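Listed here are the chains, written in short residue letters.
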Amino acid sequence: MEGRNQSRVTEFILLGLSDEVGLQSLLFWLFLSMYLVTFTGNLLIILAILTDSRLHSPMYLFLAKLSFSDMCFTSTTVPKMLLNIQTQSNMITYEGCLSQMYFYMLFAELGNLLLTVMAYDRFVAICHPLHYMVIMNPKFCGILLLGSWVLSALPSLLHDLMILQLSFCTDLDILHFFCELKQVIQLACSDTFLNDLAMYLTSGLLGVVPLIGILSSYSRIVTSILRISSVKGKYKAFSTCGSHLSVVSLFYGTSLGVYLSSAASQNSRANVIASVMFTAVTPMLNPFIYGLRNRDIKQGLRKLFS
């Protein structure tokens, strides 16, 4: 293929979920509905936490941040896809592609780190209940949130800066509905060894280390719960982290599906379908999980509507 310098690249082509004209209208209304449900559900969770003084605790502070992250995460990809379907255009500008990649990685990793912070919060609440307010003080919670933002923003910025150093071929078709990092790197004509190395290192460190933290927290939580003598006490202790466990399982289940489908085939539609689950379905289900399984959130929502 004839290469050309990346400074001359002005746009990429997003091939989307399907090139069949008959499916475009169905996809538009399906994803518009999912996006509206996601945005509304997470916004209601945030408003319920802000307006109910009983929910002004570290646990629900982190949940509000997670809901905000989910709203932003979905907003990085779905609106652009809806616009492309509506305008019958698959183009995305070079600058738009870089911006989309940055914010997609930022909010994906932020959600991951917030789930880790929430697991630590549940560990302190169950294993060290008498010291909970001392350990999870406002200053420490602020440090945890700031650290999550920094650890999410820096690797995302690094990947974008490394993309700027690449030269791209004349084939600029992206077999996806958004600018996914690996897909963009595969279009480059120049050497991508450093890009691939950085991608796998950051994915490993920021994917595996938080998961180890979550598993470590819950192993100690389970050990602590088993020491409780009464069945009612065990149920009450476990119910405080049931919603979080469900969200963690959904998050890592779908993200693992994206990774495995991507590793199995570089040009597989299975990767796109798995990405839909991770990008659109998971953020939509999170508010329902917390809204239906958490009694305090349900009371906060009733208070909000009343």
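Residues numbered from 1 in each chain as written. Predicted model: local features only at pLDDT ≥ 70, side-chain atom pairs only at ≥ 80, totals over all residues. Heavy atoms only, no water.

Enquirer: In this structure, what is going on with the overall build of the chain? I would like to understand it.
Expert: The secondary structure content of the chain amounts to eleven helices and five strands. Taking 306 residues into account, the globule formula puts the C-alpha radius of gyration at 19 Å, and the chain, at 21 Å, falls close to it. Projected onto the principal axes, the alpha-carbon positions of the chain cover approximately 70 × 40 × 35 Å. Taken across its 306 residues, the chain has 49% of its residues classed as buried. Pairs at least 24 residues apart make up 78% of the contacts formed inside the chain by residues separated by at least 6 positions. Of the roughly 15500 Å² of accessible surface on the chain, a fraction of 67% belongs to carbon and sulfur atoms. (Helix = DSSP H or I, 4+ residues; strand = E, 2+ residues; numbered from the N terminus. Rg over C-alpha atoms; globule rule 2.2 N^0.38 Å. Buried < 20%, exposed > 50% of the residue type's maximum accessible area, 1.4 Å probe, protein only. Contact = heavy atoms within 4.5 Å. Areas by Shrake-Rupley, 256 points an atom, 1.4 Å probe, with all protein chains shown as cover.)

Enquirer: Is there a simple way to think about the sheet that holds strand β5 (residues 173–174) in this case?
Expert: In any sheet, the strands associate via hydrogen bonds between backbone groups, in a parallel or an antiparallel arrangement. In space, the three strands of this open sheet follow the order β3-β2-β5, with mixed pairing throughout. Because the sheet does not close on itself, it has two edges, and the strands there are β3 (91–93) and β5. When strand β2 (residues 11–14) meets β5, the two strands line up parallel, connected through two bridges. Within β5, the position partnered with leucine 14 by the bridge is isoleucine 174. Across the sheet, helix α4 (residues 94–127) is in contact with β2, β3 and β5; its angle to β3 comes to roughly 85°. (Pairing = 2+ DSSP bridges. Axes fitted to C-alpha atoms, helices over the stretch in contact; angles between N-to-C directions.)

Enquirer: Got a minute to help me understand the UniProt feature "transmembrane region" (unreviewed entry) in the chain in this structure?
Expert: The positions UniProt marks with the feature "transmembrane region" (unreviewed entry) are residues 26–50, 102–120, 140–158, 197–216, 237–260 and 272–292. Split by type, residues 26–50 is 100% helix and 0% strand. Its first and last C-alpha atoms lie 36 Å apart. (UniProt positions renumbered as here; feature names shortened; annotations may be inferred.)

Enquirer: What should I look at first to understand the state of the cysteines in this one?
Expert: Applying the stated rule across the entire model yields two disulfides. Covalently, cysteine 97 is tied to cysteine 179 through a disulfide, its sulfur atoms 2.1 Å apart. Between cysteine 97 and cysteine 179 the sulfur-sulfur dihedral comes to about -125°; the bridge is accordingly left-handed. In this pair, cysteine 97 sits in helix α4 while cysteine 179 sits in the loop between β5 and α7 (181–186), placing the two residues 82 residues apart along the sequence. The exposure class assigned to cysteine 97 is buried, which follows from its relative accessible area of 1%. (Disulfide = S-S within 2.5 Å.)

Enquirer: Before we go on, may I ask you to explain the nonpolar core in this structure?
Expert: General note: in soluble globular proteins, nonpolar side chains tend to be found buried as a group. Core analysis: the largest hydrophobic core is formed by 86 residues, its most contacted members being Phe12, Ile163 and Phe168. At 19 residues, the largest contribution of residues to this core is made by α4. Filtering out sequence-adjacent residues up to four positions away, isoleucine 163 remains in contact with Tyr94, Leu98, Met101, Phe168, Leu181, Val184, Ile185 and Asn195. (Core = buried A, V, L, I, M, F, W, Y, C linked by side-chain atoms within 4.5 Å.)

Enquirer: How should I be thinking about helix α6 (residues 138–163) in this particular structure?
Expert: Since there are 3.6 residues in each turn of an α-helix, residues three or four apart along the chain are aligned in direction. Look at α6: 38 Å from first C-alpha to last across 26 residues, which is about the 38 Å you get at 1.5 Å a residue. Every buried residue of α6 is accounted for by Cys141, Leu144, Leu145, Ser148, Ser152, Ala153, Pro155, Ser156, His159, Asp160, Met162 and Ile163. N-capping of α6 is provided by asparagine 137, with a side-chain oxygen placed 3.1 Å from the backbone N of lysine 139. (Expected span 1.5 Å × (residues − 1). Polar contact = N/O pair within 3.5 Å; in protein donor to acceptor, adjacent residues only side chain to side chain.)

Enquirer: Please clarify how a positive patch on the surface should be interpreted in this entry.
Expert: On the surface, a cluster of positive charge is made up of Lys232, Lys236, Arg295, Lys298 and Arg302. Within the residue set of the positive patch, elements represented by two or more residues are α9 (231–264) and α11 (295–305). Considering each element in turn, the positive patch owes the most residues, three residues, to α11. Within the secondary structure, lysine 298 is located in helix α11. (Patch = residues over 30% accessible without salt bridge, like charges linked within 9 Å, V, L, I, M, F, W, Y side chains within 5 Å. Salt bridge = Lys/Arg side-chain N within 4 Å of Asp/Glu carboxyl O. Lys, Arg positive; Asp, Glu negative; His and termini not counted. Charge placed at Lys NZ, Arg CZ, Asp CG, Glu CD.)

Enquirer: How do you make sense of the side chain of threonine 202 when you look at a structure like this?
Expert: Looking at where threonine 202 falls in the secondary structure, it is placed in helix α8 (residues 193–226). The class of threonine 202 is buried, set by a relative accessible area of 18%. Within polar-contact distance, the side chain of threonine 202 engages the side chain of histidine 159 at 2.9 Å.

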